[in-house]
Amino acid sequence: NVDLSTWYLFNFCMLMLASFRAAEALRQTAMLDPLTGTLNRRGLFARLDPDLERLTRDAQLAVIALDLDHFKRINDRRGHGVGDLVLQKLSDTVNECVREGDLFARVGGEEFLVVVTGPDAAGAPLLAERIRAAVAAMRLSPPAPQVAVTTSVGVCVSARPMPLSMLMRC
């Protein structure tokens, strides 16, 4: 009986461990954009929630909004496969530009956000220009056709305590 009870207990523990791992994998999947591997809107807010109150109170927050110019035209003329490559390349390019503490997320079809926190928030306009220039210079890897890609960029830096949703509207 002791051997059988131990075996059942061991199997129960293994099932629970597998269940916890599966739940964590699902949670991670729900927070990431499957095409670009960046955070999605849900993931962005989940990452910010723990520090958001402190950051908005201390006014150490900036938002950089990126919107690909004429993306519908790329999809219509080159196909959605090339459009997907453009989105993936843009994500790689922006990730190379942002700092380790910055958060980068895809919040819509061709709309992205970079949230800069802490003392680096004041440098958000310079970061936005660096991202804009890097996107304009990016090239797709052959055999993909070369597509000129530009992005419109908006920056809002909080000069006083302000909720993230208001910064995003700015």
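A few points on the structure. What you see is a predicted model, and the numbers here were worked out from it, not measured in a lab.

1. Considering the packing of aromatic side chains
Taken as a whole and judged by the stated rule, the model has one aromatic pair. Seen in terms of ring centroids, phenylalanine 104 and phenylalanine 112 are 5.5 Å apart; in terms of plane orientation they differ by 15°. Their pairing is stacked. Just as phenylalanine 104 is buried, phenylalanine 112 falls in that class too.

2. Side note on a nonpolar patch on the surface
Together, Leu4, Trp7 and Tyr8 make up a nonpolar patch on the protein surface, roughly 360 Å² of accessible area in all. Mapped onto the elements, tryptophan 7 comes out in helix 1 (residues 2–31). Looking at tryptophan 7, the relative accessible area reads 49%, which means it is partly exposed.

3. Looking at the sheet that holds strand 3 (residues 103–106)
Taking strand neighbours across the sheet as the criterion, the five strands line up as 1-3-4-2-5 in an open arrangement whose pairing is mixed. At either end of the open sheet lies a strand with only one pairing partner, and these are strand 1 (39–40) and strand 5 (151–157). Sheet topology places strand 3 next to strand 4 (residues 111–117); four bridges connect them, and they run antiparallel. Across the sheet, residue alanine 105 finds its bridge partner in strand 4, namely leucine 113.

4. Here's the deal with the side chain of arginine 106
Examined against the element boundaries, arginine 106 turns out to sit in strand 3. What makes arginine 106 buried here is its relative accessible area of 15%. A polar contact of 2.8 Å, which involves the side chain of arginine 106, links it to the backbone oxygen of glycine 109. For arginine 106, the contacting residues outside a window of four places in its chain are Asp33, Leu35, Thr36, Thr38, Leu39, Asn40, Arg41, Leu87, Glu111 and Phe112.

5. Here we look at the packing of helix 3 (residues 71–78) against helix 4 (residues 80–97)
Orientation of helix 3 relative to helix 4, taken along the N-to-C sense of each, is 140°, at an axis distance of 6 Å. Between helix 3 and helix 4, the angle falls in the class oblique. Residues Phe71, Ile74, Asn75 and Arg78 of helix 3 form the contact with helix 4, whose participating residues are His80, Val82, Gly83, Val86 and Leu87. Per-class residue counts for the contact of helix 3 with helix 4 are five nonpolar, three polar and one charged.

Reading the values: rules and limits
Residues numbered from 1 in each chain as written. Predicted model: local features only at pLDDT ≥ 70, side-chain atom pairs only at ≥ 80, totals over all residues. Heavy atoms only, no water. Phe/Tyr/Trp six-rings, centres within 6.5 Å; stacked < 30°, edge-to-face > 60°. Buried < 20%, exposed > 50% of the residue type's maximum accessible area, 1.4 Å probe, protein only. Patch = residues over 30% accessible without salt bridge, like charges linked within 9 Å, V, L, I, M, F, W, Y side chains within 5 Å. Areas by Shrake-Rupley, 256 points an atom, 1.4 Å probe, with all protein chains shown as cover. Salt bridge = Lys/Arg side-chain N within 4 Å of Asp/Glu carboxyl O. Helix = DSSP H or I, 4+ residues; strand = E, 2+ residues; numbered from the N terminus. Pairing = 2+ DSSP bridges. Polar contact = N/O pair within 3.5 Å; in protein donor to acceptor, adjacent residues only side chain to side chain. Contact = heavy atoms within 4.5 Å. Axes fitted to C-alpha atoms, helices over the stretch in contact; angles between N-to-C directions. Parallel < 35°, antiparallel > 145°, perpendicular 65-115°, else oblique. Nonpolar A, V, L, I, M, F, W, Y, C, P; charged D, E, K, R; others polar.

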